[in-house]
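Remarks on the overall topology
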Amino acid sequence: MQIKIKTDYITLGQFLKFAGLIDTGGQAKDYIAMNSIKINGLAVMQRGKKIHAGDVVQVNKTVFTITR
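A short tour of the structure in this document, coming up. (Residues numbered from 1 in each chain as written. Predicted model: local features only at pLDDT ≥ 70, side-chain atom pairs only at ≥ 80, totals over all residues. Heavy atoms only, no water.)

Thoughts on the pattern of salt bridges
A full pass over the atoms with the stated rule returns one salt bridge. Ionic pairing is found between Arg 68 and Asp 8, a salt bridge with its closest N-O pair at 2.8 Å. Of this pair, Arg 68 sits in the segment after strand S7 (62–67) while Asp 8 is found in the loop between strand S1 (2–4) and strand S2 (9–11), placing the two residues 60 residues apart along the sequence. There is no split in this pair, since Arg 68 and Asp 8 are both exposed. (Salt bridge = Lys/Arg side-chain N within 4 Å of Asp/Glu carboxyl O. Helix = DSSP H or I, 4+ residues; strand = E, 2+ residues; numbered from the N terminus. Buried < 20%, exposed > 50% of the residue type's maximum accessible area, 1.4 Å probe, protein only.)

Details of the environment of Thr 24
If you trace the backbone, Thr 24 turns up in the loop between helix H1 (12–18) and helix H2 (28–34). A residue is classified by how much of its surface remains accessible, and Thr 24, at 41% relative accessible area, is partly exposed. Here the alpha-carbon distance between Thr 24 and Gln 14, two residues 10 residues apart in the chain, equals 9.2 Å.

Topic: the nonpolar core
Ranked by size, the top nonpolar core spans 18 residues in total, and within it Leu 12, Phe 15, Leu 16, Ile 37, Ile 51, Val 57 and Val 59 carry the most contacts. Broken down by secondary-structure element, the contributors of at least two residues to this core are H1, H2, strand S3 (37–39), strand S6 (56–59) and S7. In contact with Val 57, not counting residues within four places along its chain, are Phe 15, Ile 37, Lys 38, Ile 39, Ile 51, Thr 62, Val 63, Phe 64 and Ile 66. (Core = buried A, V, L, I, M, F, W, Y, C linked by side-chain atoms within 4.5 Å. Contact = heavy atoms within 4.5 Å.)

And the structure:
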């Protein structure tokens with residue numbers, strides 16, 4: 001699945017909301033703690049982690065490609 005961003009980057013918390021995985025930014029911390037999230041194959045736990053165009057984000061078994 002492709003996610004298109006208009007800025008240089010978005011944070012992981014913003015991505016989760018933008019992708020429709022959470023409803024509010026306040027849910028990000030709990031969602032990240034309870035799910036397997038990888039950016040470019042590396043596990044991440046920081047909701048402020050920057051995601052750029054070209055990055056691949058995997059949430060559990062769903063893969064998202066970030067485009068501009």
